[in-house]
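The chain contents come next:
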Amino acid sequence: MSSHFTLRPLALSLALTTVLGLPGLAHADFLYGRLVPGPGVEADGASGDVDVSVDGRTVVFATTAQNWVGDTYNGTRVIAVDLDTGVVEAISAAGSSVFRGEAPVVSGDGRYVAFLALNHALGPNWQALRKDRETGALELASSNAAGQPPALGTQDNTISMSADGRYVAFQAGAGLAADEGHAPQGSSGIIYVKDMQTGQVEIASMNSSGVMATDCALYPHALSATGRYLVMTCSAAAVPGATGGQAYVRDLQANTTELVSRSAGAPNGSTAFANRPAISPNGRFVSFQTRGYGGLGYANGVDSVGNSGVYLRDRQAGTTAAIPRPALVPADEYDSCSVSAISDIATVMLACLNNWTGTGRYTQVFLSIPGAGAPEFISPAANGQASNGYTGTTLAVNASGLSMAWDSDASDVDPNDHNGASDVFVLVEESVVTDAIFIDGFDPAAPANAAGGRARIEQLAATGVALGD
């Protein structure tokens, strides 16, 4: 079983050179493509829930397709594709037996993948597991120091993991930590962080007084690379004077909680609810959604028509900026952006609704680059226009901002897309993908422990997408 990407040029002008401070990258090219299981072979099921490793080389996702590794499991499994070595591997598997896995996240070097599993032998209901791709070891992450999982399971939406794979964040009901006390945890449960090295688990959803916060929620891209910082939303104020429904960063080392959905003009938080926060791997930047301005500022300096609906908080500088509405999104679609992912250089991927003439009104993917104006459209269909399906339900970007992935059920991005299902797309700077893959037209040998196949890249044309042009 082999795998490859169908690639085509993307007519972008990504002004990343100044942001990166690396003039040598001025002639780097980006490859835009769809992940498929083999030459002329499409995935025979839907794929989504994407994540990208910090080094940008490993993409993980959940899929119902059986032909990624040739298994016969009738459900959703987790797959990892290594863009550097070409290895395709079933993660939610024990030996050759594939089981249900969803919402995967990958460590910085691609070695560890954490994901949610349903009714696995390691625990009842939904539980968080961690797979070591190097040794094949599978461990329960959603457990206390004694190894006991929550009896009612975890929330079935998302988990997060540090870059070294040591810390795993998940959400569950009470019963895993000694310091829970009798504080209300709310309907969304408690956010825990498990240290996979020591076995200890601690509560991350705490307010600034050291008391468990009420009704907090965990989202994708919640943990920083070191595992020190965790971003979340809480319905009640988690710092004195804050308004309800705001985004916070919990410093798990200093045991402090910081309000991040605020600005100089709104020091106590947005007047609207904050939603879907994401933190950069270095912990400096946070992106979050706030509809209807919320007192946090206008991207155009005048009114909310210029706003995308997503804000960027620089925790180091103490500033919050409204990310502009993409130029290709009409003015009456302001505040239409929602899902976001953020890199260490503050580039932000956005999923925004469009209202194009013709058929369809779907989310599309845009990239916001600091100092470059309106976000740039990065998920065009083959004709350069908006695609005919929902794109960017999940988004992922690596630390450098040079490797991005998203899902889309559009059928007109790749002319060879006929599977009628959502697929995973990548936009990756070509240096991430080494010449070792298919340089001679043959698959490289897969590692002995790989549970899948070998990948190759089928480049349809040279890109010519230059950084800084």
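To start, this report covers the structure provided alongside it. No experiment lies behind these values; they were computed from the predicted model shown.

What counts, and where the lines are drawn
- Residues numbered from 1 in each chain as written.
- Predicted model: local features only at pLDDT ≥ 70, side-chain atom pairs only at ≥ 80, totals over all residues.
- Heavy atoms only, no water.
- Pairing = 2+ DSSP bridges.
- Helix = DSSP H or I, 4+ residues; strand = E, 2+ residues; numbered from the N terminus.
- Buried < 20%, exposed > 50% of the residue type's maximum accessible area, 1.4 Å probe, protein only.
- Contact = heavy atoms within 4.5 Å.
- Polar contact = N/O pair within 3.5 Å; in protein donor to acceptor, adjacent residues only side chain to side chain.
- Disulfide = S-S within 2.5 Å.

1. Looking at the sheet that holds strand β19 (residues 246–251)
Point 1. As summarised here, the arrangement of the four strands in space is β17-β18-β19-β20, forming an open sheet in which the pairing is antiparallel. Both edges of this open sheet fall to β17 (216–217) and β20 (256–259), since each of them pairs with a single strand only.
Point 2. Note: β19 against β20, four bridges, orientation antiparallel. Paired with valine 249 across the two strands is glutamate 258, which belongs to β20.

2. Quick word on the pairing of strand β15 (residues 190–195)
Point 1. Summarising burial for β15: six of the six residues are buried, a large majority.
Point 2. Here β15 shows two buried faces, one formed by Ile190, Tyr192 and Lys194 and the other by Ile191, Val193 and Asp195.
Point 3. Inspection of the sheet shows strand β14 (residues 167–172) paired to β15 by six bridges, in the antiparallel sense. The residue bridging phenylalanine 170 from the neighbouring strand is tyrosine 192, located in β15.
Point 4. Note that β15 and strand β16 (residues 201–203) share three bridges and pair antiparallel.

3. Focus on the environment of glutamine 246
Point 1. Topologically, glutamine 246 is positioned in strand β19.
Point 2. Glutamine 246 gets classed as buried once you look at its relative accessible area, which sits at 0%.
Point 3. In this structure, the C-alpha to C-alpha distance between glutamine 246 and alanine 272, residues 26 residues apart in sequence, is 8.4 Å.
Point 4. Setting aside residues up to four positions removed in sequence, glutamine 246 forms contacts with Met232, Thr233, Cys234, Leu259, Ser261, Gly269, Ser270, Ala272 and Ala274.
Point 5. Here serine 270 takes part through its backbone nitrogen, which lies 3.0 Å from a polar atom of the side chain of glutamine 246.

4. Comments concerning the sheet that holds strand β26 (residues 348–353)
Point 1. As summarised here, the arrangement of the four strands in space is β25-β26-β27-β28, forming an open sheet in which the pairing is antiparallel. What marks the edges here is a single partner per strand, and that holds for β25 (337–342) and β28 (376–377).
Point 2. In this sheet, β28 lies alongside strand β27 (residues 363–368) in antiparallel orientation, the contact comprising two bridges. Across the sheet, leucine 367 pairs through a bridge with glutamate 376, a residue of β28.

5. Remarks on the state of the cysteines
Point 1. For the structure shown, the criterion picks out two disulfides.
Point 2. Between the sulfur atoms of cysteine 216 and its disulfide partner cysteine 234 the distance amounts to 2.1 Å. Note on the cysteine 216 and cysteine 234 pair: the S-S dihedral is about 100°, so by sign convention the disulfide is right-handed. Separated by 18 residues along the polypeptide, cysteine 216 in strand β17 and cysteine 234 in strand β18 (residues 229–234) bring together distant segments of the chain.
Point 3. Accessibility expressed as a relative area gives 1% for cysteine 234, which makes it buried.
Point 4. Paired by a disulfide, cysteine 337 and cysteine 352 hold their sulfur atoms 2.0 Å apart. Its torsion about the S-S bond being 100°, the disulfide of cysteine 337 and cysteine 352 is classed as right-handed. A residue pair is termed long-range when its members are at least 10 positions apart, and cysteine 337 in strand β25 and cysteine 352 in strand β26 qualify at 15 residues.
Point 5. On the basis of relative accessible area, cysteine 337 is assigned to the buried category, the value being 1%.
Point 6. Here the chain pairs its bonded cysteines, counted in sequence order, in the arrangement 1-2, 3-4.

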